[in-house]
Amino acid sequence: FFSIPSSPCYKTQYSLQSTMRHEDIIAFKERDREYLRSRRQGGGTVGGGYYSHGGDGSGGGVESARIPAEDNDDSSYNFPRSTISSSPQSQMMDGGIRVTYGTEFQNDGHFALEESKKDEKNNVDDDGVNEEEPILLTQSTHSLIFTEPICSAPFLFGLVVAAMSYACLILAMLHNMSYGEPGNSLNVPAQVTTPVRGAQYLSLVIGLLMEEEISTGVYMLRMIPRKSLKNKFPKMRFWRFTFSALIRIAMGYIFLSNMFVVVVQATGVIDIFYDVLALQFVQQLDDICFSLARMDVFGKRMRTAATQKCFRVEFERYPFSASRRKGIFLKTLYFFNIIGLLSGMAIINMKQNRGDYYCNSISVTFGNEIWEDAIILTPEGKIENSVLVFSYFDGVYKKSGEMHNRRPVYVEQNKFDGTPFNTTIPAEIKYCESEQAWVFMHKNIRKSRKKDDGDCPWILSSMETTEFSLLEVPETWRIWTGTINPHARLSTVCNECNNLADCNYHGDCTGGECICEVGTGYFGTHCEHKQPCPVLVGDWNDTWYLTFIDEANFFVSYDRPVYTYLKGLNVSVEDQDILTLLYAGSRWFGMVFEDGKIRDQSYWLQYGKEFHAFWEKAYSELTVIVSDTTSESDPVATDFYIIGERGKQYGPYGEVSIWTINTNLICFRFLGSIFSIFLRKFQIQLWPMSEPIGSGFYRCEDDSSKITEIFNEVYSVQEVRGANQTAV
């Protein structure tokens, strides 16, 4: 024996023995046992007799003896459990052999074969793992936390590597979670393709199998208890050993959490496996740094710490009953991990199939395209032609209860308060598998008088796409106006809010809906429209007032206020009729409603909820003025025109005329186009109400006394007529 200076990784005694391979010793033992069985003739015989313990065999006899084992505490080298020593002729004649058990080192000339009965019993442990798989400390920078003194360079190195791994995983988690929103904190896509869904489940299983920190940490706590660690390395502290294992386990669960988030957020198969492998690389940082330390990359001190003999010392295995309980715990832990991951994925898939991650309400804005000869199926079953202004279908669309091709169907809502129509048939936007595109369609609008082929008689269609969310579809669509025009525009925005910014800081986001602040005057789906002007005054001194429902609410059409004509305009309106100024998707129309003054408030509320500019033929004989296209909250500073003669030769809105002309050729912008007008050839059909064009026609009355006077006049007129359909 010799001594080595004491340290946590070194024992104080070592045994020097002449050794041979363990496999050779086992073979030698079997041959010797067979020889003993064939030569056994009793103790004390000559010429091959069997010599029992304490007997005197001569003439090549065989001696069988049990030699007590001495605990030489040889734990630094993995010596075979059997040794062979020579035996003098004085004890055994003719080269006989002694079969011994134990670990005593013989120097008296015997040839001895030893085998520990305990080792033979434990040759296979409770899990069926051969003893040739030793229990060793893990070669990882996490192990330096308990093998090295506190505040030493290797100890700090182990902590830094662990901190780096934690930081990378936590930063990845925070980044992935930053895109979440109320009701979808994980930022789960609305839907994924079938290959992606299959890859999600496979990646969760593969990721759990690749994850080794949890299993390693639990295994070390299972196989190296306090007593075993103290016996081998008295100076090591078990609490530091436990702390290192807990670091591993916690890191493993952060890895699994990250993996789950990136998997449920993925929309591509390759992206899933790339992200999982990237996270696995971060988790293996401790193993990589330990290998670099062994190669002397970080200096001699780190190399010494990483190559100490404590990483090669075997620990004794526990009896079957003790390790079995811990083995069951590890298997149970794996079972709950895989069940938790797959169950979470299944719940998310169920919500995706149910449409929970789609926007429930959207606002749709069409372009200024017009189909002059749209084919319409009337409620009476007749087919007729009509001018279709696509912006008439602007407004709120809500997700219906049905799913079509794993995507939602959005149904048009009324233009008054965004609730469903009662009698008016709404339009729909849905995904059409046969077209590989999202389509806008209406059951009573056709492209041909003949029956349309397929299940999607669309009048607007997106470009081919596999997008599941309508909000992700590009704004460029194909439109049918007698022929296909591939340059139409359709934009969508989700009406659900997540924060105050979605309400333009003019309201509170409550339950995903913007509630505009009382007193600010702002209104609209996102509180985007400023307080409407109570009184409008035109350049012709015509006066219009805001039409109220009650003390706090006013009539709305297409998310804009409705105004009622009072006086001043050079148009004839019957006493019982009402001339209103309302918005119809992209323009303001001055429309006459026959017998409007004799209708009560309940009638107008019901009418407002069913009003649709297309089905009510907003641009009809009852429309007397029309504006330029605008998206402003009110008609202030917008050009208006009086409608003259109508006819196909004048286009859908008629031809424009100018009152005062000082040149032979005038170019001006009207309805989004540039018109060249030659004076000697044009007819007067649309009369500009403002001069010069572009200066706007209406202004907001800001004199409070005049406003009061106007409303007093309104009330007095209504009182005389006996109607109370408006209140302030």
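About the thresholds
Residues numbered from 1 in each chain as written. Predicted model: local features only at pLDDT ≥ 70, side-chain atom pairs only at ≥ 80, totals over all residues. Heavy atoms only, no water. Pairing = 2+ DSSP bridges. Helix = DSSP H or I, 4+ residues; strand = E, 2+ residues; numbered from the N terminus. Axes fitted to C-alpha atoms, helices over the stretch in contact; angles between N-to-C directions. Disulfide = S-S within 2.5 Å. Phe/Tyr/Trp six-rings, centres within 6.5 Å; stacked < 30°, edge-to-face > 60°. Buried < 20%, exposed > 50% of the residue type's maximum accessible area, 1.4 Å probe, protein only.

Trainee: Mind showing me how you'd approach the sheet that holds strand β31 (residues 686-688) here?
Mentor: Sheet strands pair by backbone hydrogen bonding; their relative direction is either parallel or antiparallel. The strand order across the open sheet built from nine strands is β31-β28-β27-β26-β25-β24-β21-β20-β32, with neighbouring strands paired in antiparallel fashion. Edge positions in the sheet fall to β31 and β32 (698-700), since each of these pairs with one other strand and no more. On average, each strand axis in the sheet is inclined to that of its neighbour by 30°, with strand direction left out of account. One ladder, built from six bridges, connects strand β25 (residues 578-583) with strand β26 (residues 588-593); its direction is antiparallel.

Trainee: How should the state of the cysteines be read in this particular structure?
Mentor: Simply put, the disulfide is a covalent bond whose two ends are the sulfur atoms of two cysteines. Overall, the coordinates contain six disulfides when judged by the stated rule. A sulfur-sulfur distance of 2.0 Å marks the disulfide that ties Cys 359 to Cys 494. Residues Cys 359 and Cys 494 are joined through a disulfide that is right-handed, its torsion about the S-S bond being 90°. In this pair, Cys 359 is assigned in the loop between α12 (320-354) and β7 (361-366) and Cys 494 in strand β17 (residues 484-494), connecting sequence segments 135 residues apart. Residue Cys 432 pairs covalently with Cys 456 via a disulfide, S to S 2.1 Å. Taking the torsion about the S-S bond as the criterion, the Cys 432 to Cys 456 disulfide, at about 105°, is right-handed. Of this pair, Cys 432 sits in strand β12 (residues 428-432) while Cys 456 sits in the loop between β14 (445-446) and β15 (460-462), placing them 24 residues apart in sequence.

Trainee: Which parts of the structure should I look at to understand the packing of aromatic side chains?
Mentor: Between two aromatic rings, the relevant description is the distance of the centres plus the angle of the planes. Evaluation of the coordinates by the stated rule reveals 28 aromatic pairs. Ring centres 5.3 Å apart and planes at 90° place the aromatic pair Phe 523 and Phe 554 in the edge-to-face group. One end of the pair, Phe 523, is in the loop between β19 (513-516) and β20 (535-538); the other, Phe 554, is in the loop between β21 (543-546) and β22 (556-557), with 31 residues separating them in the sequence. Per residue, the accessibility class of Phe 523 equals that of Phe 554, and both read buried. Summarising the aromatic geometry, the rings of Phe 614 and Trp 615 are spaced 4.7 Å apart at their centres and angled 75° between planes, so their arrangement reads as edge-to-face. Take Trp 615: its relative accessible area is 28%, and that puts it in the partly exposed class.

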